[in-house]
Amino acid sequence: VRGASAELRRFLLIWLGLSAVCTPLVAIFAGSIVPPGDQGDAASGQVLDLTVGSTVATPVFLLIVTFLAYTLVRFRQKESEIAEGPRVYGHRGLQMTWILASAAILVGLVAFDVVRLVLPGAAGSGQGPTPLSPLGAGPSGAPVLPVQVIGQQWQFTYRYPTYGGVETPRLVLPVDRTVEFHVTSLDVIHAFWAYGLGVKADANPGVDNIAYVIPRRMGTFAIRCAELCGLWHGYMFDTGRVVTPTSFATWIAGEQRLFAPIKRDLPPYSRTYLPQPRRRAG
Amino acid sequence: MSAAIRRVAGFNLLTAAVLAIGGYVLGRVVGAGIHPPSLGYVEETGENDLGLVLGYLLGVVGFFAGLGAFNYPVARMLGGPPSLPESEEGGVGDKGVARYFRFTPNHKVVGMQYLVGVGVFFFFAGVNAMLIRTALLHPRETFLSPNSYLTVVGLHGSMMMGTMTSAVLGPFANYFVPLLIGARRSAFPRLEACSFWVLVAAEVILGTSVALGGFQTGWTGYAPLSIQGSYGIDAYLCFFALVGVSMTLLGLNLTATVVTMRAPEVSWSRLPIFVWSVVTTAAMMVLAAPVLTVALILVLLDRTAQTSFFINGAGGSSYLFENLFWFFGHPEVYLLALPGMGILLELLPVFTRKPLWGYRVAVSGMVGIALLSFTVWQHHLFVSGMSSDVRPFYVLSTEAISIPTGLVFVCAIGTLWRGKARLTVPMLFCLAWLFNFLIGGVTGVYLADAPADTTEHGSFFVLAHFHYTIMGALIFTFFAAIYYWVPKMTGRTLNQRLGKVHFWLMFLAFNSTFMPMFVLGLLGMPRRVIEYPARFQFLNDWSTVSAYVLGLSLLLFLVNAVYSLLIARTPAEENPWYSRSLEWQTASPPPAINFEGRPLIGTLYDYGVPPLGERA
């Protein structure tokens, strides 16, 4: 029979060995398979966050799984047997080590997460009406492009305040230029999720929820409502496009022409549009 | 009154149903009087929400009057003796099967009522889960309309959340806490009985929502969506408000029982770890559940009395509802986690033949979880547009819960280390907790990381995460508790071989069902949608087929329970697990007064061979 400390040493060696192999593999390869991709700077940032999280999680996960396997192989007895185990009530050193180790991981992880969160753009998340972490001009040097996203049951429409407040049912964005989404709603709570860009922001009635992203790669991206908003919530989806600045200029000019006739019926551009409160009673 | 009349009209389920319907009709009439049919919205929609809500309210009052819940307080108020079938001993004189269908203030009866009740509600909620998975076999809507689909989603979520919170505390804490602390009854037996019957009334009301057009809000019922919908939402709101009442009463009684009813030898440091998990959960329930009830009453007022608590731009705020709801809702998920941890740590010593490793560390972990759980709720609002200045705090507080949770883990693995593990059915379910909660916990850290949460928020990733922590952890330990304690409660035992098949089928199917959902979420599938891109179909179908196997494993359990307990009536051994815990010192099932004479309270977790030097 092995001694208690020899047993512990052997288990730790197995775990450290497995971690030494798996953790670098996760760190290196997770980034290339983890969604949501690299179409927006926010999305790329989230890939990094998920990779770091997975790297830290790997040894923790392996610790418990290896432990379970080791214990059940080494220490089980038949159901028909009823031998007693050792009478051990705890181990001060091991308990303290565990607490300190988990606290150290916590401090490191929280520091990393918080830094990532307060960096300009705040990882593409909705930051409310007064963003703590606004994002400056993108690599193209063009000024920030404000785009309003209006959720209503059950579709998104988009207004471009710097282009006369034109409202269109299509979302088209120029590449490499910072986009400032102003997300709001006309009725209930929706959530604007531009998946490929890595942007998600709730659309609250009467609230201007601001989120930033720099689209980095041309192509289409999925848009979905990510907050249950009633009957046709499942059908509240859309496809956005990232195009060259020239195509964008052509497109927006076309939209302005196309929607000029209905423009006079629209309310003037505003950060929020409060409808008459919907009342059930009275 | 003759005995025959008494039997029919004497405060049973029949009188309760009659008075409930009477109360309901009265409420509808009063409501129609206050909001006449000529009133604008009543005329437009043909719906009178005030009448319906008053109907539910008075219906519940009538139900309780019919059950005889008011007999005792009214008799005592008027200075009379306690009325039958009650007695000062907490209904211990009441015998026979009929007491299980009555308002019986006896902790063992209420425990059995909860066990069967929770089982029935779990079954219906599970059927809804099967419907959801079936609808998701195909990327477009098939046999369920969007309204039916959302109603089924809402029913599944509401019933699971409303019932599973009481899944351990209702049956096992009510039944075993008095036994584990050497008490003859609980502190407030009538509140205890109330908590069960309120839950029954609530579930019946939720059921009526199906006939009233369903509800489209999911279990979270966010305003202003919940203010907008029709009749079905009133049923959902009344259901959940009553669940809040039930949880509050359940928590109150259990907290008071542990604080005041312990035998003199049972000091706080000799409390079994399961009782610690119960008292921390119960105390959290008392603090969190009333907030839910209040929030839902405010929504009901918005719908009926023209208030505007949650209407932006009319003096209210939709954020207020989200905050109130999650101030309850986040402690809620730890209300679901802690009892499972308690069962895990209570059973591991029995099946490793070792004392619990690090008892005080485990207690600290549970208390730490309970305290921290009230500081994390805004992580549900990370992308809502809440003040971005406070988000770092919620990242910290949420990730900090991993420390007390880690303490529970270290005590579990410390107990397993060098123990003599016997892989009985309850032990298998406990070991599954370690694996499932590990995945649930690790993915919880991903969600607590606000930047990464941008993609995960509101997606299938969240769905998979909380099914790992609730079904993978709580429900697995719930079954551990059933296999472990039902022999004690009934004197009969479940078939162990079928139990093992049930375990392996359930464990594999569970992981196979929910693992793909993490991937679906990261690939961009939001929750509660009936439509999804065709490229997600393979993973969804995989998940659905696995869910059918999962459902099959639960049916297998049902067959086992019905066969072993009702048909074969396999008698249980006196102490089938060789447990040294207090509840196994008395007969199975325990006598009406729990212990004949004073129980012998020995050392806690008296297992294992002492080291050589200490041997006599």
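If you're wondering where the values come from, they're calculated on a predicted model, not measured in any experiment. (Residues numbered from 1 in each chain as written. Chains lettered and ligands numbered in written order. Predicted model: local features only at pLDDT ≥ 70, side-chain atom pairs only at ≥ 80, totals over all residues. Heavy atoms only, no water.)

(A) Inspection of the environment of Glu322(B) at higher detail. The residue Glu322(B) is located in helix 13 (residues 318-352) in this model. Put simply, Glu322(B) and Ala295(B) are 27 residues apart on the chain and 9.4 Å apart in space, counted from C-alpha to C-alpha. (Helix = DSSP H or I, 4+ residues; strand = E, 2+ residues; numbered from the N terminus.)

(B) The pattern of salt bridges, seen in detail. All names here are of chain A. As enumerated under the stated definition, the model contains 15 salt bridges over all chains in all. A salt bridge links arginine 74 to glutamate 7; the nearest nitrogen and oxygen atoms lie 2.8 Å apart. In this pair, arginine 74 sits in helix 2 (residues 41-74) while glutamate 7 sits in helix 1 (residues 4-33), placing the two residues 67 residues apart along the sequence. By relative accessible area, arginine 74 is classed as partly exposed at 37%. Close ionic contact of arginine 116 with aspartate 49 constitutes a salt bridge, the shortest N to O distance being 2.7 Å. Of the two residues, arginine 116 is situated in helix 3 (residues 92-118) and aspartate 49 in helix 2; the sequence distance between them amounts to 67 residues. The same class applies to arginine 116 and to aspartate 49, which are both buried. (Salt bridge = Lys/Arg side-chain N within 4 Å of Asp/Glu carboxyl O. Buried < 20%, exposed > 50% of the residue type's maximum accessible area, 1.4 Å probe, protein only.)

(C) Representation of the sheet that holds strand 7 (residues 190-194) of chain A within the structure. Residue and element names in this part refer to chain A. Here we have five strands laid out as an open sheet, ordered 5-11-10-7-8, and mixed in their pairing. Across the chains shown, the open sheet's two edge strands, defined by having one partner strand only, are strand 5 (172-174) and strand 8 (199-203). Taking the axes of each pair of neighbouring strands and ignoring which way they run, one obtains an average angle of 20° across the sheet. Bridge count for strand 10 (residues 219-225) against strand 11 (residues 237-243) is six bridges, and the pairing is antiparallel. Note that in strand 11 the partner of alanine 222 across the bridge is threonine 239. (Pairing = 2+ DSSP bridges. Axes fitted to C-alpha atoms, helices over the stretch in contact; angles between N-to-C directions.)

(D) Local environment of the interface of chain B and chain A. With 111 residues of chain B at the contact, the number on the chain A side is 97 residues. Counting each side, the surface lost to burial between chain B and chain A is near 8,800 Å², with a carbon and sulfur contribution of 65%. When the buried area of chain B at its contact with chain A is split by residue, Trp357(B), Trp417(B) and Arg418(B) rank highest and sum to 9% of it. At the boundary of chain B with chain A, the tally comes to five salt bridges. Arg353(B) is the salt-bridge partner of Glu84(A), the closest N and O atoms lying 2.9 Å from each other. Linking chain B with chain A are 37 residue pairs in polar contact (both at pLDDT 80 or more), by the criterion used here. Classifying every residue of the side of chain B that touches chain A gives 57 nonpolar, 32 polar and 22 charged. (Contact = heavy atoms within 4.5 Å. Buried area = accessible area lost by both parts, 1.4 Å probe. Polar contact = N/O pair within 3.5 Å; in protein donor to acceptor, adjacent residues only side chain to side chain. Nonpolar A, V, L, I, M, F, W, Y, C, P; charged D, E, K, R; others polar.)

(E) Structural context of the packing of aromatic side chains. All names here are of chain A. By the definition in use, this model includes 74 aromatic pairs over all chains. Both rings, one in tyrosine 160 and one in tryptophan 251, keep their centres 5.7 Å apart while their planes meet at 70°; by these two values the pair is edge-to-face. With tyrosine 160 in strand 3 (residues 155-160) and tryptophan 251 in helix 4 (residues 245-263), this pair connects stretches of sequence that are 91 residues apart. Tryptophan 251 shares its class with tyrosine 160; the two are buried. (Phe/Tyr/Trp six-rings, centres within 6.5 Å; stacked < 30°, edge-to-face > 60°.)

(F) Spatial organisation of the nonpolar core. Membership of the largest hydrophobic core comes to 270 residues, with the highest contact counts inside it found for Tyr160(A), Phe181(A) and Phe192(A). It is helix 19 (residues 460-490) of chain B that provides the largest number of residues to this core, a total of 23 residues. (Core = buried A, V, L, I, M, F, W, Y, C linked by side-chain atoms within 4.5 Å.)

(G) Layout of helix 17 (residues 425-448) of chain B. If you check helix 17 of chain B, its first and last C-alpha atoms are 34 Å apart, about what 24 residues at 1.5 Å a residue would give, namely 34 Å. The buried fraction of helix 17 of chain B amounts to 22 of the 24 residues, a majority that puts the element mostly inside the structure. (Expected span 1.5 Å × (residues − 1).)

(H) Focus on the sheet that holds strand 9 (residues 209-213) of chain A. Residue and element names in this part refer to chain A. Taken together, the five strands give an open sheet; going across it, the order is 4-3-2-6-9, and neighbouring strands pair in mixed fashion. Bordering the open sheet on either side are strand 4 (166-168) and strand 9, each of which pairs with just one other strand. Averaged over neighbouring strand pairs, the angle between their axes works out to 25° when direction is ignored. Contacts from helix 4 reach strand 2 (145-152), strand 3 and strand 4 within the one sheet, and its direction differs from that of strand 4 by about 95°.

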